[in-house]
Amino acid sequence: MEELSKHFINNNRRHFLKKVGLGIGGLAAASLLDPFSSLSGNSNLNPTGLNLPHFAPKAKRVIYLFQSGGPSQLELFDYKPLLNKMRGQDLPDSVRQGQRLTGMTSGQESFPLVGSNFKFNQYGESRAWVSSLMPYTAKVVDELCFIKSMHTEAINHDPAITFFQTGSQQPGRPSIGSWMSYGLGSLNENLPTFSVLLSRGTGRPFSQPLYSRLWGNGFLSSLHQGVQFRSGKDPVLYLKDPDGMSRSQRRAMLDHISELNQKQEAQFGDPEINSRIAQYEMAYRMQTSVPETMNIEEEPDHIIQMYGADAMVPGTYAANCLLARRMAERDVRFIQLYHMGWDQHFDLPSQIEKQAKDIDQATAALIMDLKQRGLLEDTLVVWGGEFGRTNYSQGTLTDMNYGRDHHPKCFTMFMAGGGVKPGFTYGETDDFGYNIAKDPMHVHDLQATIMHLMGVDHTKFTHKHQGRRFRLTDVSGHVVNDILS
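Residues numbered from 1 in each chain as written. Predicted model: local features only at pLDDT ≥ 70, side-chain atom pairs only at ≥ 80, totals over all residues. Heavy atoms only, no water.

*Asks:* Sorry, what's going on with the packing of aromatic side chains here?
*Replies:* Any aromatic ring pair is given by two values, namely how distant the centres are and how the planes are angled relative to each other. Taken as a whole and judged by the stated rule, the model has 20 aromatic pairs. A centroid spacing of 6.3 Å and a plane angle of 65 degrees characterise the contact between tryptophan 179 and tyrosine 182, whose relative ring orientation is edge-to-face. A residue pair is termed a helical-turn pair when its members lie 3 or 4 positions apart in one helix, as tryptophan 179 and tyrosine 182 do in helix α8 (residues 176-184) at three residues. Cluster of aromatic residues (ring-pair linked, three or more members): Tyr64, Phe66, Phe164, Trp215, Tyr338 and Phe411. Sitting over the ring of phenylalanine 424, lysine 421 keeps its end group 4.7 Å from the ring centre. When the ring centre of phenylalanine 470 is taken as reference, the NZ or CZ atom of arginine 468 above it lies at 4.4 Å. (Phe/Tyr/Trp six-rings, centres within 6.5 Å; stacked < 30°, edge-to-face > 60°. Helix = DSSP H or I, 4+ residues; strand = E, 2+ residues; numbered from the N terminus. Lys NZ or Arg CZ within 6 Å of the ring centre and 35° of its normal.)

Put into structure tokens, the structure is as follows:
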């Protein structure tokens, strides 16, 4: 009865004249601009009708290796020998400058400085500093663009991750992958434009959880939400035909459902109906494309060895990196990996050693594998978490053990391929690793730069919702041209 009421309400005189006027006007405009365009049926056109990209892109696709929990830059990439010399001394007030602390350390009587327990060396022609925790990454530093001066606004996990993924600390906005899907469309009609893979690290395996809204579409069409690929026998849920149904019967059923949905859309004009039709069709095509993409048995032994033994264990970071490369080969537009377990508040030396081992070899292998296949040139790889860690110990500091709290004021990320400078380091922190000394980069700056590499002007890429024009970078952000090749 409710649907019937909507039908009669929507089909009043004003609505009829509006539909007729827009239809005739649209046909007239199309005939003036290009008399054959409305009949061309060109499937390469962006379904949203947006005139993107704004300019020639340097990257066709993105692989975002998100390290959930906040990796400690001081143990991995930001070498600060002064912290070792001053180990145990209190963080000077002149350095801290009254900055906000979390509730986990704000009550501490002292803030004892602590350097890394791990050795650092310089590698490659770029002479980049890398910890002994990352021996494989150390071998590819000349492919990497390090950003030592990242900073964010949130100090706790949920808002900080949400900020990186959606441009807002408040939930409900579209994720960066959804924006890219909405603006640029698909490069492969048989696989999702925005694909998501999750893994759990061994450093702190039961730390901060992740929520599906992080790869959600927000106020954009549900067609643009991220599709999660799982490690079980059904990589994508609900793809299989029901028991007793043949493929031809499935095709006939979808055709009938599509016909009904098209009638509903014609009556009510709900854009989500078209999204549902497209999702049904994508799921049907994925019945063939997904198993082929997920089947790594055809990979040669030397490739498996490159990624490490864990590449053969479904659901691990190494396995997901290998799948990310297979997806990139098949032109998936935005590939998002989330790796949990970087939240080292205590027992940091032992936890981060395990966590780094999870990701080091596979990350380096992914970059080199993309390069040897000619894909790194137009694939942008992004690595990093939601914030960094403090230069003082959380809790008791001993000779061999310590922890670190959240620190949003400065931390390290890196990028590779897709138009960024290889073998380059941008930004600096002070000798204490607590404040930015040179060239800060905000979260919105990173997002603006990623979009620029994809051929998108972030200030012009907006979507009107509830009377306001929204964009990923909200009302700020600038492209960091210094890191562009």
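*Asks:* Help me understand the environment of lysine 139 in this model?
*Replies:* Mapping lysine 139 onto the fold places it in the loop between α6 (135-138) and β4 (144-151). As a C-alpha pair, lysine 139 and alanine 364 span 225 residues in sequence and 7.8 Å in three-dimensional space.

*Asks:* Teacher, can you tell me more about the pattern of salt bridges here?
*Replies:* Two side chains that carry opposite charge are able to pair once their charged atoms sit near each other. In total, this model carries 19 salt bridges according to the counting rule given. Put simply, arginine 330 and glutamate 329 hold a salt bridge, and the shortest N to O gap is 3.6 Å. Of the residues examined, arginine 330 reaches a relative accessible area of 18% and is grouped as buried. Several salt bridges share partner residues, and in doing so they unite Glu292, Glu298, Glu299, Arg325, Arg326, Glu329, Arg330, Asp369 and Arg373 into one network. (Salt bridge = Lys/Arg side-chain N within 4 Å of Asp/Glu carboxyl O. Buried < 20%, exposed > 50% of the residue type's maximum accessible area, 1.4 Å probe, protein only.)

*Asks:* Looking at this structure, how should I read the packing of helix α12 (residues 317-329) against helix α13 (residues 348-372)?
*Replies:* Relative placement of two packed helices is described by the angle separating their axes and the distance separating the axes. In contact at an axis separation of 8 Å, α12 and α13 are set at 15 degrees when each is read in the N-to-C sense. When the axes of α12 and α13 are compared, the pair comes out roughly parallel. With respect to the hand of their crossing, α12 and α13 are arranged in right-handed fashion. Residues Tyr317, Ala318, Cys321, Arg325 and Ala328 of α12 pack against Asp358, Ile359, Ala362, Thr363, Leu366, Asp369 and Leu370 of α13. Residues that form the contact of α12 with α13 fall into these classes: eight nonpolar, one polar and three charged. (Axes fitted to C-alpha atoms, helices over the stretch in contact; angles between N-to-C directions. Parallel < 35°, antiparallel > 145°, perpendicular 65-115°, else oblique. Left-handed = near helix turned anticlockwise from the far one by under 90°. Contact = heavy atoms within 4.5 Å. Nonpolar A, V, L, I, M, F, W, Y, C, P; charged D, E, K, R; others polar.)

*Asks:* Please explain empty space enclosed by the protein as it appears in this structure.
*Replies:* Think of a ball as big as a water molecule: rolled over the atoms, this probe shows where empty space is left. If you walk through the whole model with that rule in mind, you get one cavity of 30 Å³ or more. Here the largest cavity is characterised by a volume of approximately 50 Å³. In terms of lining, the largest cavity is formed by Pro71, Ser72, Gln73, Leu76, Phe77, Trp383, Gly385, Phe387, Phe411 and Thr412. Of all the secondary-structure elements, those providing two or more residues to the lining of the largest cavity are α3 (73-76) and β11 (411-416). Among the residues making up the lining of the largest cavity, the classes are represented as six nonpolar, four polar and no charged. (1 Å grid on protein atoms, 1.4 Å probe; cavity = no way out; pocket = protein on both sides within 12 Å on 5 of 7 lines; lining within 4 Å. Points joined across faces, edges and corners; volume = space filled by probe spheres on them.)

*Asks:* Quick question: what am I supposed to make of the layout of surface pockets here?
*Replies:* Estimated volume of the second largest pocket: approximately 360 Å³. For the second largest pocket, the lining is made up of 19 residues, of which Ser231, Met294, Pro314, Gly315 and Leu323 are closest to its centre. Every element with two or more residues in the lining of the second largest pocket is listed here: β5 (194-200), β6 (227-229) and α12. Of all the elements, α12 adds the most residues to the lining of the second largest pocket, at three residues. Partitioned by chemical class, the residues of the lining of the second largest pocket number 11 nonpolar, six polar and two charged.

*Asks:* I keep staring at α12 and nothing clicks. Help me out?
*Replies:* With 13 residues, α12 should reach 18 Å at 1.5 Å per residue; the first-to-last C-alpha distance of 18 Å fits that figure. Buried residues dominate α12, accounting for 12 of its 13 residues. Every buried residue of α12 is accounted for by Tyr317, Ala318, Ala319, Asn320, Cys321, Leu322, Leu323, Ala324, Arg325, Arg326, Met327 and Ala328. (Expected span 1.5 Å × (residues − 1).)

*Asks:* Help me understand the pairing of strand β7 (residues 334-340) in this model?
*Replies:* The side chains of a regular strand alternate between both faces of the sheet. Counting buried residues in β7 gives seven out of seven residues, a clear majority hidden from the surface. Neither face of β7 is open: one carries Phe334, Gln336, Tyr338 and Met340, the other Ile335, Leu337 and His339, and all of them are buried. With six bridges connecting them, strand β1 (residues 61-67) and β7 associate as parallel partners. Its bridge partner lying in β7, tyrosine 64 is registered against glutamine 336. Bridge analysis of β5 against β7 gives seven bridges, and the strand direction is parallel. The partner of valine 196 across the bridge, within β7, is glutamine 336. (Pairing = 2+ DSSP bridges.)

*Asks:* Can you walk me through the side chain of aspartate 358 in this structure?
*Replies:* Position of aspartate 358 relative to the elements: it lies in helix α13. Despite its burial, aspartate 358 pairs with no opposite charge; the closest candidate is lysine 357, at 8.1 Å N-O. Setting aside chain neighbours within four positions, we find aspartate 358 in contact with Gly201, Thr202, Gly203, Tyr317 and His339. (Lys, Arg positive; Asp, Glu negative; His and termini not counted.)

*Asks:* Even after reading the chapter, I still don't get unusual backbone geometry, so can you show me in this structure?
*Replies:* Excluding glycine, residues mostly have negative phi values, and the peptide bonds linking residues are mostly trans. Residue proline 53 is reached from leucine 52 by a cis peptide bond, and omega for that bond is 0 degrees. Positionally, proline 53 belongs in the loop between α2 (13-33) and β1. The phi torsion at glutamine 97 lies on the positive side, around 55 degrees, for a residue other than glycine. Among the secondary structure elements, glutamine 97 is positioned in the loop between α5 (93-96) and β2 (120-123). At aspartate 331, a position not held by glycine, the phi torsion is positive, near 65 degrees.

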